[in-house]
Amino acid sequence: MIETIDRRLAFVSVIVTLLSVVLVIRLVTLQIQLPEEEIAFLERMRDDSYHDLRYETPARGEIYDRYGYLLATNSLEYQVGISPALIANPEDVLAKLAAAAGRDPVMLWAQWEEQDAAGAYWYPLAGGNVDLATGQTIEDLGLPGVELGPIQRRFYPQSTLAGPVIGFVSLEGQGYYGVEGYYNQQLAGRVEDSASRESNIPFEAAYAPPPQPGANLVLTIDRDVQFLAEGYVRLGMETYEAENAMILVMDPRTGEILAMAASPGYDPNQYGLYPAESYVNPIVGSIYEPGSVFKVLTMACALQVGIVTPDSMYVDEGMIEVGGRKIENWDKRAYGQQDMTQLLVRSLNVGAAKLSTTLGPSRFYPCLEDFNIGAPTGVDLEGEEAGRLKKWGDPVWSESDLGTNAFGQGVSVTPVQMLTAVSAIANQGLLVRPHVIYQQVGVDGVFTAQPQYLGRPISEQVARQVTEMMINVVEYGAPKAKVPGYTVAGKTGTAQIPTPGGYEDGTSIASFIGFLPADAPQVIVLVRLDRPNESIWGTQTAAPLFSEFAQRLVVLLEIPPDATRYNLQVQAAVQE
Amino acid sequence: MSQTRREWLKHALHQAPWRTQVQATALVALGLVVSIIIGALYLAQATSTATAGRDLKVLERELDRLEQENNRLRAEVASSQTVPYLTQRARDLGFVQAGNDQVMYLVVNGYRPPEPEPVVPVAAEPLPEYDETLNDWLSEQWNGFLEQLNLRTGGD
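None of these values were measured; they are calculated from a predicted model. (Residues numbered from 1 in each chain as written. Chains lettered and ligands numbered in written order. Predicted model: local features only at pLDDT ≥ 70, side-chain atom pairs only at ≥ 80, totals over all residues. Heavy atoms only, no water.)

Participant: Looking at this structure, how should I read the domain arrangement of chain A?
Facilitator: Accessible area lost upon the coming together of the parts serves often as the stated size of an interface. Split into domains, chain A comes out as domain 1 (76–153) and domain 2 (223–568). In this structure, domain 1 of chain A and domain 2 of chain A have C-alpha centres spaced 56 Å apart. (Domains from an automatic or database assignment.)

Here it is as structure tokens:
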């Protein structure tokens, strides 16, 4: 008996010893011979057991208008979750929750019954997320089975104001379109530094490297002017029964964009409710044929090259053939002897075509390129289009283009491109890059945007000559664009709308570009109406809309009438 | 002289063997006391660090809450300053829009027309990184202690 027990004990001892040896060998191999990736995996397991990874999203930078009014900020919402299994007294809990969240108790009870019957272990509170204050009220109640999940949101307090200029931020925190898209990196802050390890064993003070917040952006947009422009966009659409409208306001001296209003616009707080097409800012992202507004560039090129002077005369026969294509004036009339100013005042296509053909493609197109036609302006907004300028030598270019391009047909531009080109005339021949950022305020300091010059397409003298002609255009050709008390320089445009088979009948894009005060321009404005029903002509629609808008604009921008301004200058000189 | 002393010591120990036991016990007790002191210091330090860590967390949470509340209030202020709201308030108060012909411009000596100012708050600079562990702290203290010791003993 004892021998049997001894044998069994010996057997068990051998087995245990063998197992121990195997275990020791395995431990040794684990310590010595383990591949690096396995070591890394085990270290990760160890760290994960004793540490938590903590993520801190840096605060996204805010966006302000030029005078510090908040246009975009961050907010916190709460998703309220209900776990039926954890609630013993649903009547009481739901009644308190309904009172705190401002929801209908009957609705909450119906939702409870439906979810409870379906066996749901968790469901979100009906009626969507609650705001910060409500969330904190619910949290203070300490209701069992009611959980709060914080959700970061971007909030645009001005609602639809300047929506397409600002853009929006997705639920994932990515900025899209407008300033949010273009400056996403600067606004987002430093995300890569935001993860930190936090010990579960409290022998170390929790360490969380603070994420670098995003920079705040101050825009050149003037909130009041933007509001005014958006109001006149709506008014213009109603008054002239237009499909769409837009107004762009810029300081020609610096390229600062003061307002950028275009229909239909959208509310970035609820961007999901709008079709994706509405996200694109048409002022930078859609191209059109500008029509007769383009004649000022043709004229400027002709004067710059020196083939004409303002007093040069030509005989307008009402028709000219260029590259086998007949070009006629808008009213199909022949005007006889005309000077250059009359050419612009009467907006004569034949005269413009004569200028471009006299210049020839080798001089005409480089000059247009100097005005940045056919190239993006570099405006700091996402989604800018370059426009299209068929140049001499392109396979798609034909000789007739030389004639039609002179009056803005067969050439495509964006509204911001067209305004920028004309602003060179207002700015003594200097072309400035349009921009919407005034300042970037971040941890690295304050950066103020400086005017960037794109070049000098024309001389100061030519700029003065064309300005004088444009004053005459408003005075005699488009008197509805006049602004009482101010000298306005401008040009109307009535452009046909191209289709794959030619041009639409009976419709147009009516536009007007004007700047004032003409002798010392402080502001340049583009007004555009798409397919106005009231009249197709820019002189009858865009010009009067410009006038009405400009009369309010000068008050907001504190631009005194010409007479007052001269008196003030004299008074100031005397007092000095 | 030293030979005589060693013999005296052997003789004394032979006569009182308990003295050796007392010495051993005293050494063990001393070790125990030192261990207890080190343990107590470690525990006190760990407790203090843990408490500080917890306080830090509470403060961070409070800071987050206040920042959120601040954001909410600024957004609320901004919502109350929208142009439609202000226009309506102005109308309610009897104001009317000034026409171009109703504005009077005056020359004021030394007056500079308003220019846009950087009126927005500058984003707070990130706090300096704090990543010192207890071990780091102890090492630092120990090194400091050694440096002081070296100074006193004239070491380099």
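This is not the end of the story, as more comes after the structure.
Participant: In this structure, what is going on with the pairing of strand 15 (residues 325–328) of chain A? I would like to understand it.
Facilitator: Side-chain positions along a regular strand alternate between the two faces of the sheet. Residues and elements named next belong to chain A. Where strand 14 (residues 319–322) meets strand 15, 4 bridges bridge the pair, whose relative direction is antiparallel. Note on strand 15: the bridge partner recorded for Val 322 is Arg 325. Counting the residues in the hairpin turn of strand 14 and strand 15 gives 2 residues, including Gly 323, whose phi is positive at 60 degrees. (Pairing = 2+ DSSP bridges. Helix = DSSP H or I, 4+ residues; strand = E, 2+ residues; numbered from the N terminus.)

Participant: Would you take a moment to explain the sheet that holds strand 25 (residues 523–530) of chain A for this structure?
Facilitator: Strands belonging to one sheet form pairs held by backbone hydrogen bonds; the direction of such a pair is parallel or antiparallel. Residue and element names in this part refer to chain A. Here 5 strands make up an open sheet; going across it, the order is 12-11-25-24-21 and the pairing antiparallel. Whereas interior strands pair on both sides, the edge strands pair on one side only; in this sheet they are strand 12 (257–262) and strand 21 (489–495). Each strand of the sheet is rotated relative to its neighbour by a mean of 5 degrees, with strand direction disregarded. Here strand 24 (residues 509–516) pairs with strand 25 via 8 bridges, running antiparallel. Considered in strand 25, the bridge of Gly 514 is made with Val 525. (Axes fitted to C-alpha atoms, helices over the stretch in contact; angles between N-to-C directions.)

Participant: What am I meant to see in unusual backbone geometry here?
Facilitator: All names here are of chain A. Note that the residue after Ser 263, namely Pro 264, is joined by a cis bond; omega there is 0 degrees. Looking at the secondary structure, you find Pro 264 in the loop between strand 12 and helix 10 (282–285). Note that the residue after Leu 516, namely Pro 517, is joined by a cis bond; omega there is -15 degrees. Residue position: Pro 517 is located in the loop between strand 24 and strand 25. A positive phi angle is found at Glu 241, which is not glycine, with a value near 50 degrees. With respect to the element layout, Glu 241 can be found in the loop between helix 9 (223–239) and strand 11 (244–250). If you check the backbone angles, Ser 347 has positive phi at about 50 degrees while not being a glycine. Note on placement: Ser 347 falls in the loop between helix 12 (340–345) and helix 13 (349–359).

Participant: How do you make sense of the side chain of Asp 339 of chain A when you look at a structure like this?
Facilitator: Residues and elements named next belong to chain A. Within the element layout of this structure, Asp 339 appears in strand 16 (residues 336–339). We note that Asp 339 is buried and unpaired, the nearest opposite charge coming from Arg 346 at a distance of 7.4 Å. In terms of polar contacts, Asp 339 uses its side chain to reach the backbone amide nitrogen of Thr 341, at 3.2 Å. For Asp 339, the side chain forms a polar contact with the main-chain nitrogen of Gln 342, separated by 2.7 Å. Excluding anything up to four places from it in sequence, Asp 339 contacts Pro 310, Asp 311, Ser 312 and Met 313. (Buried < 20%, exposed > 50% of the residue type's maximum accessible area, 1.4 Å probe, protein only. Lys, Arg positive; Asp, Glu negative; His and termini not counted. Salt bridge = Lys/Arg side-chain N within 4 Å of Asp/Glu carboxyl O. Polar contact = N/O pair within 3.5 Å; in protein donor to acceptor, adjacent residues only side chain to side chain. Contact = heavy atoms within 4.5 Å.)

Participant: Quick question: what am I supposed to make of the pattern of salt bridges here?
Facilitator: Pairing of side chains with opposite charge becomes possible as their charged atoms draw close. All names here are of chain A. By the definition in use, this model includes 22 salt bridges over all chains. The shortest N-O distance in the salt bridge between Glu 180 and Arg 60 comes to 2.9 Å. Of the two residues, Glu 180 sits in helix 7 (residues 178–182) while Arg 60 sits in the loop between strand 1 (51–55) and strand 2 (63–64), which places them 120 residues apart along the sequence. The exposure class assigned to Glu 180 is buried, which follows from its relative accessible area of 0%. As a salt-bridge pair, Asp 530 and Arg 528 come within 2.9 Å of each other at their nearest N and O atoms. Side by side, Asp 530 and Arg 528 carry an identical accessibility label, which is buried.

Participant: Can you help me understand the packing of aromatic side chains in this one?
Facilitator: Residues and elements named next belong to chain A. Applying the stated rule across the entire model yields 17 aromatic pairs over all chains. Ring geometry for Trp 109 against Trp 112: centres 6.4 Å apart, planes inclined by 10 degrees, an arrangement best described as stacked. On the criterion of helical spacing, the pair formed by Trp 109 and Trp 112 is a turn pair, its members being 3 residues apart in helix 4 (residues 105–117). Residue classification places Trp 109 among the partly exposed residues on the basis of a relative accessible area of 29%. For the cation-ring pair, Arg 223 lies above Tyr 69, with the distance from its terminal atom to the ring centre recorded as 3.7 Å. Its guanidinium or amino end placed over the ring of Tyr 288, Arg 528 lies 4.3 Å from that ring's centre, counting from NZ or CZ. (Phe/Tyr/Trp six-rings, centres within 6.5 Å; stacked < 30°, edge-to-face > 60°. Lys NZ or Arg CZ within 6 Å of the ring centre and 35° of its normal.)

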